[in-house]
Amino acid sequence: MTVQELGALLDLTRANKRPRAHHERTARGTVLDWLDDGLLRVTPATAEPAAPALVLSAGIHGNETAPMELLDRLLRAIAEDKLIPAGPLLIVLGNPEAIRHGTRYVEVDLNRQFNAAHQGPLAEHQRAKVIEQTVEAFYRDHEQHRRRYHIDMHTAIRASHLIKFALVPGTPEHPRDTEMLELLACTDIEAVVEQSRLGITFSNFTYGQLNAHAVTLELGKARPFGQNQDVDVSALEHTLTALIATGWLDTAAPRRPLRCFGVSFEILKQSEAFVLHVNDDQPNFVEYAKGACLAEDGDTRWITGSKRNWLIFPNPNVALGLRAGIVLHERPTFTSSDTSGRSYIT
Ligand SMILES: [Zn+2]
């Protein structure tokens, strides 16, 4: 039995192998527990209560490989005692079956099955339930860690005018998660979409149901394993490494202003008559003037209302009842209040 076995969670998952031992301990005392296909918990020898209980997920879409490779590097460093965690960590490789097929999903989009949307017999319905229960148990088991973080990492189907962007959940009562924005300001994320209504994505579940500071990250274009040289995740990797090692942001990391966007409306596909007036290969963050008709569905038309509008995730091929695009307006830029160079304190 070697600790390297669980440190290679991505290899195990891609090969559809169960580990020989489900529980391993490194020389420095970090404990790795294999929980299920693609699910692994890391428990420090000595946990710092101020450090967050941290959930890092990738592969919710099976063909988005750069974030999985990033998680693989972090986990191997932990297994080799090169990275000693300050707090508990849950690694989630979201959709193992789709990862093994190299496809976005097997039967339905896993990232539309959360918040009790997973009522059904399909593989992704079952998987969403397992993930929800595992994350809930993880936070509950580590209740002494009052800060809860969840970072769900993706790459996008299409190109984007703003290449790296984040979607941060919120509600009308709590429209801005400044603690998450402080973290994002330490990365090279260019834009943040601040959501104000809870949806059915993984980060919306951890935010809405489990009170986590949550985010969905889009880190560039989806490519196969080993072909991610053009997807630069180094700033994010640096920030996550510091967060795992100390429980805080790197005091020396430069803070960048974040362009912020609010959701004006979501385009919903309601019937088979739905038509999206967007080219198949249109990048994310194309700008529209007021009065542009973006989609029609029978008598319903989706028309931009703000002076300046941006469209992300246009996709006419979604299932009925799901969103076929999100229309945005710009909000005031977020500038980190941490001008002292010190970590923020919650
Ligand atoms: Zn994705």
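Please read all numbers here as calculations on a predicted model, not as lab measurements.

Conventions adopted
- Residues numbered from 1 in each chain as written.
- Predicted model: local features only at pLDDT ≥ 70, side-chain atom pairs only at ≥ 80, totals over all residues.
- Heavy atoms only, no water.
- Domains from an automatic or database assignment.
- Contact = heavy atoms within 4.5 Å.
- Buried area = accessible area lost by both parts, 1.4 Å probe.
- Salt bridge = Lys/Arg side-chain N within 4 Å of Asp/Glu carboxyl O.
- Polar contact = N/O pair within 3.5 Å; in protein donor to acceptor, adjacent residues only side chain to side chain.
- Helix = DSSP H or I, 4+ residues; strand = E, 2+ residues; numbered from the N terminus.
- Buried < 20%, exposed > 50% of the residue type's maximum accessible area, 1.4 Å probe, protein only.
- Pairing = 2+ DSSP bridges.
- Core = buried A, V, L, I, M, F, W, Y, C linked by side-chain atoms within 4.5 Å.
- Donors = N, O, S within 2.8 Å, 3.2 Å for Na, K, Ca; no water.
- Tetrahedral: all angles 85-135°; square planar, octahedral: opposite > 155°, others 65-115°.
- Phe/Tyr/Trp six-rings, centres within 6.5 Å; stacked < 30°, edge-to-face > 60°.
- Lys NZ or Arg CZ within 6 Å of the ring centre and 35° of its normal.

Chemist: Describe the domain arrangement of the chain, and please don't skip the residues or the numbers.
Modeler: Accessible area lost upon the coming together of the parts is a frequently used measure of interface size. Annotation of the chain at the domain level lists domain 1 (4–257) and domain 2 (264–333). For domain 1 and domain 2, the distance between their C-alpha centroids amounts to 28 Å. Facing the 18 residues of domain 1 at the interface are 18 residues of domain 2. Across the domain 1/domain 2 interface, buried area totals approximately 1500 Å², and carbon plus sulfur atoms make up 58% of it. At the boundary of domain 1 and domain 2, one finds 2 salt bridges. In this structure, E194 and R331 form a salt bridge, with 3.1 Å as the shortest nitrogen-oxygen distance. Our count for the domain 1 to domain 2 interface comes out at 8 residue pairs in polar contact (both at pLDDT 80 or more). Put simply, the parts of the chain that give the side of domain 1 that touches domain 2 at least two residues each are β7 (165–168) and β8 (191–194).

Chemist: Pulling in residues and values, what's your account of the pairing of strand β15 (residues 308–312)?
Modeler: With respect to burial, β15 is a largely interior element, 4 of its 5 residues being buried. As paired strands, strand β12 (residues 286–289) and β15 are joined by 4 bridges and run antiparallel to one another. Looking across to β15, one finds that V286 is bridged to L311. As paired strands, β15 and strand β16 (residues 323–334) are joined by 3 bridges and run antiparallel to one another.

Chemist: Could you give an account of the nonpolar core, with specific residues and numbers?
Modeler: A general tendency of soluble globular proteins is for nonpolar side chains to be buried together. If you look at the biggest cluster of nonpolar residues, it comprises 52 residues, and the most contacted ones within it are L56, I151, M153, L184, V192, L217 and L258. With 9 residues, helix α3 (residues 65–79) is the single largest residue contributor to this core. Residues in contact with V192, not counting those within four places in the same chain, are A166, V168, L181, L184, L258, R259, C260 and F261.

Chemist: If you had to explain the coordination of the zinc ion to someone new, which residues and values would you point to?
Modeler: Looking at the zinc ion, one finds its protein donor set to be H61 (ND1), E64 (OE), E64 (OE) and H154 (ND1), positioned 2.0 to 2.3 Å from the metal centre. Around the zinc ion, the 4 donor atoms sit at angles spanning 58 to 147°, and that spread fits a shape best called irregular. Here the donor residues for the zinc ion map to a single chain with the spacing H-x2-E-x89-H. Taken together, the residues span a long stretch of sequence, with H61 in the loop between β4 (53–58) and α3 and H154 in strand β6 (residues 148–156) at a distance of 93 residues. By the burial criterion, H61 is buried, and H154 matches it.

Chemist: Describe in detail the packing of aromatic side chains, supporting the description with residues and values.
Modeler: The final tally for this structure, using the stated rule, is 8 aromatic pairs. Relative to F205, the ring of F114 has its centre 6.4 Å away and its plane inclined at 35°; by these criteria the two rings are tilted. Of this pair, F114 sits in the loop between α4 (96–101) and α5 (123–141) while F205 sits in helix α7 (residues 202–210), placing them 91 residues apart in sequence. Take F114: its relative accessible area is 0%, and that puts it in the buried class. Judged by centre distance (5.1 Å) and plane angle (70°), the ring pair of F261 and W310 falls under edge-to-face. One end of the pair, F261, is in strand β10 (residues 258–268); the other, W310, is in strand β15, with 49 residues separating them in the sequence. Accessibility classification places F261 together with W310 in one group, the buried group. Members of the aromatic cluster, joined through ring pairs, are F165, F261, F285, W310 and F313. For R14, the ring lying beneath its charged end belongs to F225, and the centroid distance is 3.7 Å.

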